[in-house]
Structures are given as structure tokens and as C-alpha cells.
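Structural description and commentary
In case you want the letters, here they are:
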Amino acid sequence: MPQLRSVVLAGGGTGGHIYPLLAYADCLRRHDPHIRITCLGTEKGLENELIPKAGYDLRNVPAHQLPRKINVDLLLTAPRMLKAMRATREIMDEVAADAVVGFGGYVAVPAYLAAWRRKTPMVVFEYNDPPGVANKLALKFTDNLALGFQHLPQASPLLADGTVTGIPLRPAISHLDRSRMRADACRYFGLDPNRPVLFVYGGSQGAASINNAVSGAAQALTHRGVQVLHIIGARREEPVHVPEGLPVAYRTLPYLDRMDLGYAAADMVLARGGSMTVAEVSALGLPTVFVPMPWGNKEQYRNAGPVVAAGGAVFCDDENLNPSWIEANLIPLITDRQKLAAMSAASERFGIRNGDEALRQFTVKAVEQA
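This section reports on the structure supplied with the text. (Residues numbered from 1 in each chain as written. Predicted model: local features only at pLDDT ≥ 70, side-chain atom pairs only at ≥ 80, totals over all residues. Heavy atoms only, no water.)

1. Description of a positive patch on the surface
Short version of the rule: The residues that make up patches have over 30% relative accessible area and no salt bridge, and they are joined within 9 Å when like-charged or within 5 Å when they are Val, Leu, Ile, Met, Phe, Trp or Tyr. Using the Shrake-Rupley algorithm and a 1.4 Å probe, accessible areas are obtained, with residue cover drawn only from the displayed protein chains. Put simply, a salt bridge is a Lys or Arg side-chain nitrogen that is within 4 Å of an Asp or Glu carboxyl oxygen. A residue counts as positive if it is Lys or Arg and as negative if it is Asp or Glu; His and the chain ends are not included. By convention, the charge on Lys lies at NZ, on Arg at CZ, on Asp at CG and on Glu at CD. Numbering of helices and strands runs from the N terminus, with a helix taken as a DSSP run of H or I at least four residues long and a strand as a DSSP run of E at least two residues long. Partly exposed residues are those whose accessible area sits between 20% and 50% of the maximum for their type, while under 20% is buried and over 50% is exposed, using a 1.4 Å probe and protein chains only.
A cluster of basic residues, Arg-86, Arg-89, Arg-117 and Lys-119, forms a positive patch at the surface. Along the chain, Lys-119 falls in the loop between helix H4 (108-118) and strand E5 (122-126). Assessed through its relative accessible area of 73%, Lys-119 is described here as exposed.

2. Re the environment of Gly-162
This is how the line gets drawn: What makes two residues a contact is simply this: any of their non-hydrogen atoms within 4.5 Å.
Structurally, Gly-162 can be placed in the loop between helix H6 (152-155) and strand E7 (163-164). Along the primary structure Gly-162 and Gly-148 are separated by 14 residues, whereas in three dimensions their C-alpha atoms are 9.8 Å apart. Residues contacting Gly-162, with those up to four places away along its chain left out, are Leu-145, Leu-147 and Pro-153.

3. Here we look at the nonpolar core
If you look at soluble globular proteins, the nonpolar side chains tend to sit buried side by side. Note the threshold: The nonpolar core is taken to be a set of buried Ala, Val, Leu, Ile, Met, Phe, Trp, Tyr and Cys residues, with the residues joined through side-chain atoms within 4.5 Å.
Counting residues in hydrophobic clusters, the biggest one holds 93 residues, and the most contacted among them are Leu-9, Phe-199, Tyr-201, Tyr-263 and Val-269. For this core, the element with the most residues is H4, which contributes seven residues. Ignoring sequence-local partners within four residues, the contact set of Tyr-201 consists of Ile-210, Ile-231, Met-259, Tyr-263, Val-269, Leu-270, Ala-271, Arg-272, Thr-277 and Val-281. With 27 residues, the next largest nonpolar core counts Val-226, Val-228, Leu-270 and Ile-331 among its residues.

Structure (C-alpha cells):
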């Protein structure tokens, strides 16, 4: 089996690209503390906040988003891409890259092109249906396609020949024993471990519709004994008004860097349907109310659809989420232990806890066969 000495990881812009990249980087380093890991990003991406903080080398390249229609940007794409590819190849030469693993986002495009020109083995990691523009391009140059969810090979002809590895998760999540950690996690947040807990979050920027609906249902939730752990979003400026004098705890936090404790305390989650959320809650067997983002190409519905169809979660359209919906639909679920247990078992059947290890093995095999 070949030794990976230097790996370039490309993926940036959003947490959905960066968090699995970091979990994978941690896995590579666990196997070899001396491996060289180089991450590619752009100056404006979230990777500038997350990757250096995690202790990894971040190199920014002049990548640009690929235009989706004919306009002036399309005419400028070729020279821009050539410049970005050359800069990326210089980095790969400098670090003597053995492999490139792309997690999507437009920063992955010059990485894929540079790997192709350099004849460096590349692995494409995809967790969305349909696949992103960058990964669609990469599949013209390689057959090394790793997939984040079990349903993806049947979802699209482009993904039919991919290998399901699962999404790399942080060990704090993938190794979490919720039942053992629950009491300590509840005490950490000042919650009663003997009462149900609803864990609410809408991403780093929060979600006004989620924040308003859940805080608006605070009286109904807490009078039924349901405690709330509500992450409102560090970047959201609108205040969340929670009534005073509630009968049980309603905790609000702008941000939570210990998501493992949030999950350990939770009996049910209410969140968007992003790929990382779906991967984490299904790995942990957590019943969930998914409120997919109401814009875009509806990929969040496709991410969570198989879990919902199996009975492990329910959908609520963003436009329908309000205090009345929570009172009529969520409260009867979270206060019924038998229903929660059935949902948990159904959710866990879709969970993959070892996505980081599986993707590493896939990468090693790709290098071996190059």
C-alpha cells in the first residue's frame, strides 16, 4: 500500500465544503503525524476563518466561480482559469503532492485541472444531487468518485459509478455515545436530563424563520415540559425574543463550538437540511425536523429525503414553519417516547460514522492504481 506523504485538499466557500475537508485532514494526520496537508482556498471564503485555526496550511489561489449563463464573465473565464490553474500547479509542485482530493466549490476547479495536467491522482468527493459544477467538470478527468450518501448512486447517472464512503465527520461526533453523555451534556447547558430537549440551529448565519417560529412557540413547548437549546447564529443581528418566566429551560446561544454536547443533550433536532446536518443526525440516530432552505435547487430536500421517507425525520417547508405548526406537529413527536425511539432507529439506518476512514482508504487505493 503506497504511503501518502503530501496531499492537497481543495474545497472552500461554505461550511458544507470545509467541515468534511477538516475532518478528513484530521484522519490523515491521525494515521501519519508527519504527512504534509495543504488546503486550497480563496481570500473571501469561510476557509480563512476555519482552516488556519484548525492548524492546517491554507494557500489561497485566484479562483473564480464558473458562470452558469452566457455573459461577459464567460468570456473572461478561460484566462482567469488558466491563471488559477498555474498558481495551483506551482503549489502542488512546491509541496510534491501525491494526491488531490476535491470537496467541491469553485476553488476545486483549478485544483482538478492542475492535477490533470500534472498527472497527479485526484479524488472527487460529492454529497449533493445534482453534483456541483466543479465536480461535474472533474468527472471528465477521473473515475475516482467518492459519495457521501447511500442514495446517491441511484440519484443521478453521473454518480452511478461512485463509491459510497460517507461524509467525513469529526471524531467528537462520529464517536459520540449520546446515552452515556446525555446527563453531563444537559448539565453543561443548565438543562434537566429528565425532560425532553429540542436542539435548534440554522447554521452559522442562523435562520430568521427558524428563530422566530421556535421562540414564538416557547410558551407551548415549555408548558409541555420541552426544554429548548437554541443556537440563533453568530452572524444574525436580529434579536430572538424569548418570554421570561417559562416553566422549564429555554437556552439561547449565538454559536456553539461543541456540537457534540448539543447532540448529546438532544431528543430531537430542528434544523436546515444541509449535507453535514443530515450526515451528523443520521449517524447519531437523532429524530429531526428538517426545514430546507426555500431557495436554490432544492438539494436540501434531496439530501434529507431518504431519511424522511424511512420515518427517521419529517419535513416542514420554510413557509409553513410557525408556532402553530410546532404546537400541532413537533410537540406530539418529542413528547412521545415510543415515536422518538422508532424515528431514531429509522434515522440511524442511514448513518455512516466512518466516512473519514473510508475516504482515506479510497484515496490510498486511487494512488495505488494510478
